[in-house]
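The primary structure of each chain is shown beneath.
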Amino acid sequence: MKQLLVAFLLLYPMSIYADGGALEEVLAHIRRSAPARFEYQEVRTLELADAPVHTAGYMLTDTEGTLVKLQQQPSRVIMAIAGDSMFYWDPVLKQRHRAPLAYGGAAAQQITVFRALLQGRIGELQAAYDMTAETHDQHWTLRLTPKSEDQPVMEITGSADDGERNIQVRQSDGEASAYRIVKMADSADPQPAIAELLREAAGE
């Protein structure tokens with residue numbers, strides 16, 4: 001028994017170190033931030049819906065902390081965060097909203113987390129989540145456990161080339177979303193498109 005205890009004590013710090021090493025390795029992938037365009041597909045499961053909702057479109061980011069989510073399927077919708085504001089514009093339903101992020105509720109929380117993930121804002125993630133990570137061959141997994149009940153539980157998986165990420169989101173109200181996000185090879189500066197979409201969302 002004493003030998004088993006000694007062996008456990010010797011291995012225990014190594015286990016912590018290994019997990020910490022994996023976390024740092026995964027966060028290194030998250031920290032690789034630059035202006036970029038992403039294609040996304042989302043499958044959303046709503047508690048009261050008979051079937052999952054499928055959406056698809058693009059996400060655009062810049063170095064100023066702006067994130068624009070342009071849904072194109074099944075209908076065109078713009079959601080964005082720029083500075084301390086959140087924007088929403090649905091041309092079909094003629095619904096336009098602009099509000100401080102602090103008053104944006106669950107929608108603002110989710111898109112803020114996406115901004116942190118896509119732009120490498122590790123400090124924002126660490127403030128809101130406890131994080132654990134695993135690596136296996138050329139793939140990695142990052143699990144985010146919220147420090148408060150109003151934040152979603154999230155799991156992100158990716159590959160060493162950072163070409164694709166899969167994100168699972170589970171809200172406290174039972175809603176869940178699965179995202180497949182692929183970084184586009186297009187090297188064009190996304191800033192002009194971001195500026196145009198923000199003007200449209202703001203009604204300017």
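It should be emphasised that the depicted structure is a prediction, and the values quoted were computed from it without experimental measurement.

## Structural notes on the pattern of salt bridges
A side chain of one charge can pair with a side chain of the opposite charge when the charged atoms of the two come close. What the rule picks out here adds up to nine salt bridges. Here Glu200 ties to Arg76 by a salt bridge, and the two come within 2.5 Å at their closest N and O atoms. Residue Glu200 is located in helix H4 (residues 191-202), and its partner Arg76 is located in the loop between strand E3 (67-73) and strand E4 (77-82); the two are separated by 124 residues in the primary sequence. Across the salt bridge formed by Arg143 and Glu134, the nearest N and O atoms sit 3.1 Å from each other. Overall, the relative accessible area of 44% leaves Glu134 in the partly exposed class. Through salt bridges with shared partners, a single network forms among Glu42, Arg44, Lys69 and Glu175.

## Here we look at the packing of aromatic side chains
Within this structure, the stated rule accounts for two aromatic pairs. Seen from their ring centres, Tyr40 and Tyr179 are 6.2 Å apart, and the 50° between their planes marks the pair as tilted. Residue Tyr40 is located in strand E1 (residues 36-45), and its partner Tyr179 is located in strand E11 (residues 176-183); the two are separated by 139 residues in the primary sequence. With relative accessibility at 2%, the residue Tyr40 sits in the buried group. Judged by relative accessible area, Tyr179 falls into the buried class, the value being 3%. Geometrically, the ring pair formed by Phe114 and Tyr179 is edge-to-face, given 4.6 Å between the ring centres and 65° between the ring planes. Of this pair, Phe114 sits in helix H2 (residues 105-119) while Tyr179 sits in strand E11; the two residues are 65 residues apart in sequence, bridging distant segments of the chain. Taken together, Tyr40, Phe114 and Tyr179 form an aromatic cluster joined through their ring pairs. Its guanidinium or amino end placed over the ring of Trp89, Arg96 lies 3.8 Å from that ring's centre, counting from NZ or CZ.

What counts and how
- Residues numbered from 1 in each chain as written.
- Predicted model: local features only at pLDDT ≥ 70, side-chain atom pairs only at ≥ 80, totals over all residues.
- Heavy atoms only, no water.
- Salt bridge = Lys/Arg side-chain N within 4 Å of Asp/Glu carboxyl O.
- Helix = DSSP H or I, 4+ residues; strand = E, 2+ residues; numbered from the N terminus.
- Buried < 20%, exposed > 50% of the residue type's maximum accessible area, 1.4 Å probe, protein only.
- Phe/Tyr/Trp six-rings, centres within 6.5 Å; stacked < 30°, edge-to-face > 60°.
- Lys NZ or Arg CZ within 6 Å of the ring centre and 35° of its normal.

The quantities given are spatial measurements derived from coordinates; they are silent on function.
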